[in-house]
Each structure stands twice: as structure tokens, then as C-alpha cells.
Amino acid sequence: MDQLKPSSVNSSPLTPLTFLERAAVAYGESISIVYNSTTYTWSQTFTRSLRLASSISSLIGIKKGQVVSVLAPNIPATLELQFAVPMAGAVLNNINTRLDAKTVSVLLQHSESKLLFVDYQLYSLVLQSLSLFPSHMNPPILVVIEDENSNLDFDECTTYDAMLAKGNENFNWIRPENDWEPMTLNYTSGTTSSPKGVVHSHRSLFIITVDSLIDWSVPNQPVYLWTLPMFHSNGWSYTWGMAVVGGTSICLRKFDANVVFHALTKYNVTHMCGAPVVLTMLANSPCAKPLKNPVHFRTGGAPPPATVVLRVESLGFVVNHGYGMTEVAGVVVSCIWKPKWNKLPANVKAKLKSRQGIKSLGMTEVDVVDPESGVSVKRDGVTMGEIVLRGGCIMLGYLKNEEATSKCMKNDWLYTGDVAVMHPDGYLEIKDRSKDIIISGGENVSSVEVESVLYSNNFVNEAAVVARPDEFWGETPCAFVSLKMELKLKPKEKEIIDFCRERLPHYMIPKTVIFMDELPKTATGKIQKFSLREIANGMGSLPASRM
């Protein structure tokens, strides 16, 4: 056996780009994309992507391995570019559409982007971003994505349709020479002087795409509604995954609960993804109504409160909760449901469903360890440690940031910075980000646990808990809440604190409650705790008299 070695026959590089080639044959006449009055088939999507790839590769200055950026919402062009850019041999960089001009400029400069596809509604933002470039640095070439509602003058910029028109549909797309060639660049943060740009290979994205379909049991030809931004980890890999199963992507330019409920019925949607806050918005929407058919909803990020899971599942959503991060390109831990749990009361099932669960098939190992010693924590559902991962879909590293890469990728593990417990049944449950743990009088307070109690209050729409300085305890929980709009009599701070006092240990009770119309959120729907921390810190320390 030892003399048998891989040959060119069985060592061809894995890449998710081949999924589109296959879809054009297997599902050629099936609908691939729907957006307003626009409809494409998988055969058309393949042809259009080839044309785009041809045009990109023919541009002067665009070489293999260089970065091509996309700044656009969930529209057909964004989905096509997930294939076309890497098919041209370039590295795909999706940019968060809700960043300001300064941050966009920082990311474009850091990535040394050569070409930028920009939606017409974001064109003025991009012009501001490019004006901030230093004189010695060439800005990227601009290509404007228009639609039927755009009637602006783009200063003779190339348009998306023009790129399509001049492209060759018989283009021999550029395949990677090996699995490990970079395919995507996604920034987790661009607000500091040292942005963290996650680089993924063709191999890792192939693995996570197939893994995500199997783990969620996605059937052939689903109807997928795009409520998760495609710029967020390439839509958790489902941008490529829909090609595997010949699914139909329903594109929405922006999230609106009323539009979503209308689309669910109109298109017979079967699957959708989003942050837990999307579940909250759907559950509390005035237009919420029971669905005609079940809709599978995959959520990730902060644990969805059990009360929210109960609400949305009563409408007909089937919630699948998972855990992932940009560094692993999608969901790599999920709460695989056990049939015996169906016999449990609804509130118990909802609590179980809010756990993150066990590793997906694409991961070699997932563990919760003491961050200092690296030793696995007790499987008692109480002892907290840091989630560590290893497997085939982990990033190559952070672009131009060896320090950050070595800090999180050590001892053959990816250290996530997320704090969790491991239950006796082997299912893990996130308790917090390490930076979000509140240390009050020497006790570790999980902000997630306090938030879960707040969400169980019938008056509360959104909740987030951060640390506030405290003269006696060092720091104590500070709760920020938004209330349901339809309320006539709104609770006071004391009522919220008393509600928590009945359900939490003394040291976990919020000492401060701040009411807001809406909590600040990131572009992916996560509550911006750093903004809330700034507010809490700005309020100063609680006096010792408020013990």
C-alpha cells in the first residue's frame, strides 16, 4: 500500500465554483434567482457568471490572486459575483454595506483592492471613500451595479451590464492550482488601525458549503429567502450551497418584516437564515401571522432567547440554532435534534433548542477548555471555558496580521474567544464572549443568562446586558432594553429589576436599566455591545450606597 500515491487523476483541487458548473446541467431550466420582476435559471446564472469572469480577467491590472471587492445588498449581481470573481482567478472581498466612508476606505486600502463593484445606491459613499486614499495609492476601478430604479450619472464609470455584454460566455474559467489558494477575504472589523481580514481557501469553502447543507438537512431545490446579508461570511456559504441543491434564491434589497411575511407566502419559501434579532423582529412584528407551510430558519450568533424561539415556532418556523464565525466561514456547531426531546414541554424544548450543540461533519474536533491550561472543562453544564475548534474549514489566517493570527491559532486549535459550558450529553452552550463576561464581586456573570431572563418579560422587545463600573462590586450588570411598541403602560426601571430579582441570583441582577427605542445593531443584526459599553462607562461608577 505504501507505494500508492496521489496522482493528477485524484488530486484535482476542490472548489465550490464547480457547483455552478454542475447546477447548469442538473438544474439548468430551474429558477435560480428571483428579484422583483427579474428571474434567472441556473443555466443563465452560469452563463452570466462566465461572462463576468471573462470581463474581469480581461481588465488591465487584474491578475490572479488580487482582490476584487463587492459593495452591494442582496441582489442578483451580488450572488453572481460570488462565483464570477473567483472564476476570474481573483480573491472575492464582500464589504459590509452599512460601514461609513472612512471604514470602507480603510478596508479597500488594506486589501489593495483592484476592482470594486458597487450598487448605485452606495455610489456616493464610495466616492467619499476613494477621496480618502493617499496620493501614492491607486484606487480600485469602479463598476456600478444599476437596476430599473437608478437614473443617476455615474461619471462615465463602467456598468455591470456593460461588463456582462462584453464578456465571453465560453470563457475557460480559471481553476485553482491547489486547494489552498485563497478564494475569499472577509473583514470581521474595520474600525481599528489594524483590520482583521479573514482569508479562506477554495478547500475550506468547499468543505463548509457541503457541510452546511448536510448539517441542516437541506433538500433538493429548496426556496431560500435572503434575509442574511451575503456579505456576512458569504451568506454562511449558502451563496454557493444553493447551486449544489439547485435552490431558488429570493433576493431582498433590505429586511422588512412585512415584506418578508409577504414573500414567504408568495414564493412558498422553505428556508432562510438570520441573526437571533431577525427572529425577534419577526416574532414581534404587527404583521406576524401563522405560516401556511413550515419554514426552516437557521440562526446563529448570540443564543436566541427561549421565549423568542417559542413565539416564532408557534407561527410555523422551524428553528435550527448553530454556532460559527467568519474564521470558519459558516456554521460548524449545531443543535442536532433528538426525537426523544419531542415529548418534552414546549418551554423545555425551546431552551434545548437555544443551545449551540455538537460539531458538524466538517470539523475534526470542537471542545471547551480552560484558556490558560488548554484542559477540557468538566461536562457539568456549569464550568465555563473557551470554545476551541479544528478542522478543514478553518481560515488560512488574517491578511497582513501575523500577530492576530498567531494569537488565535495556537497549539493546533483555533481559539474563538467565546465562553461556553459543556453539558453532560456533549452539547455545548455559549455563555458569552470572553470580553462580555461581567465580573461582579469576584463572581462571573453571563450577560447571555441575564438577557434570556429579560426576554422572558412580556414587555421587552430587545435586551442587552453589559458591565457598568461599580464602586463596591467593581462592576455590575447594566441592562439596555427596548419595549414593545404597542404598550400603553410602560414598565419602570424598578419593575424590570424586580422581575429579574425573582428569577436570578442576587449578583446577576441588573443594578441599572436603560430604556431605548431601539438597540444599536451591526450590519448582521447583532446588538452593538461596544456602543452600549461606552454609554455605561460614560455614566460613571455606581456609588457604593446602591449595593
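See the structure above.
About the thresholds
Residues numbered from 1 in each chain as written. Predicted model: local features only at pLDDT ≥ 70, side-chain atom pairs only at ≥ 80, totals over all residues. Heavy atoms only, no water. 1 Å grid on protein atoms, 1.4 Å probe; cavity = no way out; pocket = protein on both sides within 12 Å on 5 of 7 lines; lining within 4 Å. Points joined across faces, edges and corners; volume = space filled by probe spheres on them. Helix = DSSP H or I, 4+ residues; strand = E, 2+ residues; numbered from the N terminus. Buried < 20%, exposed > 50% of the residue type's maximum accessible area, 1.4 Å probe, protein only. Arc of directions from axis to C-beta. Contact = heavy atoms within 4.5 Å. Axes fitted to C-alpha atoms, helices over the stretch in contact; angles between N-to-C directions. Parallel < 35°, antiparallel > 145°, perpendicular 65-115°, else oblique. Left-handed = near helix turned anticlockwise from the far one by under 90°. Nonpolar A, V, L, I, M, F, W, Y, C, P; charged D, E, K, R; others polar. Phe/Tyr/Trp six-rings, centres within 6.5 Å; stacked < 30°, edge-to-face > 60°. Lys NZ or Arg CZ within 6 Å of the ring centre and 35° of its normal.

**Student:** Can you walk me through the layout of surface pockets in this structure?
**Tutor:** Over the atoms, a rolling probe the size of a water molecule traces out where space has been left empty. Considered as a void within the structure, the second largest pocket measures approximately 580 Å³ in volume. Taken together, 20 residues make up the lining of the second largest pocket; nearest its centre are Asn461, Ser482, Leu483, Met485 and Asp517. Counting only elements with at least two residues in the lining of the second largest pocket, the list comes to strand E25 (460-470) and strand E26 (474-483).

**Student:** Would you explain helix H16 (residues 493-501) in this entry?
**Tutor:** What sets the pattern is the α-helix's 3.6 residues per turn: residues three or four places apart point alike. Residues of H16 that are buried include every one of Ile496, Ile497, Phe499 and Cys500, and no others. Seen along its axis, H16 keeps its buried residues to an arc of 155 degrees; they face one direction. Buried residues along H16 sit against helix H15 (447-455), E25 and strand E27 (512-515).

**Student:** Would you explain unusual backbone geometry in this entry?
**Tutor:** For residues besides glycine, phi is generally negative; the peptide bonds are generally trans as well. Its identity is not glycine, yet Asn36 carries a phi of approximately 55 degrees, on the positive side. Relative to the elements of secondary structure, Asn36 occurs in the loop between strand E1 (31-35) and strand E2 (38-41). By relative accessible area, Asn36 is classed as partly exposed at 48%. For Glu112, which is not a glycine, the phi torsion comes out positive at approximately 55 degrees. Take Glu112: it is sitting in the loop between helix H4 (101-111) and strand E5 (115-119). A relative accessible area of 42% means that Glu112 is categorised as partly exposed.

**Student:** Would you mind going over the packing of helix H11 (residues 276-283) against helix H12 (residues 306-315) with me for this structure?
**Tutor:** Two measures define how a pair of helices packs: the angle their axes make with one another and the distance between the axes. Two elements in contact, H11 and H12, have axes whose closest approach is 9 Å; the angle formed by their N-to-C orientations is 55 degrees. Overall, the two elements H11 and H12 adopt an arrangement that is oblique. You can see that H11 and H12 cross each other, and the crossing is left-handed. In this structure, H11 contributes Leu279, Thr280, Leu282 and Ala283 to the contact, and H12 contributes Val308, Arg311, Val312 and Leu315. Classifying every residue of the contact of H11 with H12 by side-chain character gives six nonpolar, one polar and one charged.

**Student:** Would you mind going over the packing of aromatic side chains with me for this structure?
**Tutor:** The description of an aromatic ring pair rests on the distance of the ring centres and on the angle between the ring planes. Applying the stated criterion across every chain yields a total of nine aromatic pairs. Seen in terms of ring centroids, Trp341 and Tyr427 are 5.5 Å apart; in terms of plane orientation they differ by 75 degrees. Their pairing is edge-to-face. Linking Trp341 in the loop between strand E15 (330-334) and helix H13 (346-353) with Tyr427 in the loop between strand E21 (413-422) and strand E22 (428-433), this pair joins segments that are 86 residues apart in sequence. Judged by its relative accessible area of 3%, Tyr427 falls in the buried class. Among the aromatic residues, ring-to-ring pairing joins Trp216, Tyr224, Trp226 and Tyr238 into one connected group. Across the ring face of Tyr415, the terminal group of Lys410 is positioned such that the distance to the ring centre comes to 4.7 Å. A cation over a ring is seen here: Arg503 above Phe499, with NZ or CZ 3.6 Å from the ring centre.

Such coordinate-based values are descriptive only and should not be taken to indicate function.
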